[in-house]
Amino acid sequence: MSEIRGPMSCRTLLCCLFLLVPLTGCASRQATPSNGAVTLTPSAPDADPLLPLTGQMADVPMEGLITPPAEPPAAAPLIAESKRYFKGEGMAMDKAQAAALLRRAADLGSAQAAFTLALFKMRGEGMAQDIQGGMVDLVAVARRGHPDAAATLGERLIPRDPDRYEKHFGQAVYWLSVARRAGHEGVREGHRTLLEVTRRQRNLPAMTGSGDSVDDPVRFEPDAISTDAKAAAAEEAVADILYPGWKREGREPVGEQGLEKDRLVLVNSSGQKAVLYFDRTSGTAKGLQATAQ
């Protein structure tokens, strides 16, 4: 990524990164996920009614990695046939039939089919266009922990103009965190890039880890957090980078096998919550631990 010159807020940087980093399988680009479902590029987010998205919560654990909903085996051939009808591969193009096949797959419990149907509805592919109804359906799939749906929802909520949609920005960050924890590699890449770019911009200590689980906390260079004050300042800086504008709801130490970890709970203005983990074990403590082993 090219060097960033001049001051840039975390909010602006977050917008730029997630708009520029490819969200593989996300509706922000024309793509065909590995299971054969068809995704479409929805209309510009400024044209969407965002009201159905306000304050929605994912039906998944608040912290840790998310297991995406399993796809029923019987849905796979329906999705594959839908793709052929949609593209006209070996048959006449018939988007209505493509949508009907996806609906059958969704009725079997396929989250991928339900996700694609939501995009069909927003675009009017194979059915009457219903942007608001499609957004409601998209939220329903994202709440199940479907990574593409959560990433699409997050991206659509990111304001192209960072000064607009103040309350929607916090929700965009929330849904992108759900997508990341559910394994969306494009969003994970954006997360890593955001931390590294902003770390250098703010002269923060080198760090590794995502902070999304107790097993993958954000880890700083031990010498850079040699005191509690330094560790707390580094943690606050990372929280501001990843969750700009979110309030701190609670912080608690988590002791584990001689390591000192912090669990930080954050909440946005819509009541959506996220958890960040940090490994704040000092260099001295890590040296003693290694000697003991």
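Here we summarise the structure given alongside this text. Residue positions are given per chain, counting from 1 as you read along its sequence in written order. At least 70 in pLDDT is required for a residue's local features to be given in this predicted model, at least 80 for side-chain atom pairs to be given and counted, and no such filter applies to totals for whole chains, interfaces and linings, which use all residues. Computation of side-chain values: all heavy atoms of the structure, hydrogens and water removed.

Our focus in this paragraph is the side chain of His-146. Only DSSP runs of H or I reaching four residues or more are called helices, and only runs of E reaching two or more are called strands; each is numbered from the N terminus. Structurally, the position occupied by His-146 is in the loop between helix 5 (131–143) and helix 6 (147–157). Judged by its relative accessible area of 5%, His-146 is buried. A distance of 2.8 Å separates the side chain of His-146 from the side chain of Gln-112, its partner in a polar contact. Any pair of residues with heavy atoms lying within 4.5 Å of one another is described as a contacting pair. Here His-146 is in contact with Pro-69, Ala-111, Gln-112, Phe-115 and Val-141, once residues within four sequence places are set aside. Per-residue accessibility, obtained with a 1.4 Å probe over protein chains only, is compared with the maximum for each type, and a residue is labelled buried under 20%, exposed over 50%, and partly exposed between these values. The term polar contact refers here to a pair of N or O atoms within 3.5 Å; inside protein, the definition further demands a hydrogen-donor-capable atom paired with an acceptor-capable atom, and it admits residues adjacent in sequence only when both atoms are side-chain atoms.

A separate point is the nonpolar core. Core analysis: the biggest nonpolar cluster contains 51 residues, and Leu-138, Trp-175, Phe-220, Val-238, Leu-242, Tyr-243 and Leu-276 have the highest contact counts within it. Sort the elements by how many residues they give to this core and helix 7 (residues 166–181) lands first, with 8 residues. Setting aside residues no more than four positions away along its own chain, Trp-175 makes contact with Gln-56, Met-57, Ala-58, Ala-142, Arg-143, Ala-150, Leu-153, Gly-154, Leu-157 and Gln-272. Residues belong to one nonpolar core when they are buried, are Ala, Val, Leu, Ile, Met, Phe, Trp, Tyr or Cys, and are joined through side-chain atoms within 4.5 Å. Formed by 12 residues, the second largest nonpolar core is a distinct cluster that contains Ala-75, Ile-79, Ala-98 and Leu-117.

Right, let's get into unusual backbone geometry. Note: most residues except glycine have negative phi, and most peptide bonds are trans. Phi is positive for Asn-203, close to 60 degrees, though the residue is something other than glycine. Residue classification places Asn-203 among the exposed residues on the basis of a relative accessible area of 70%.

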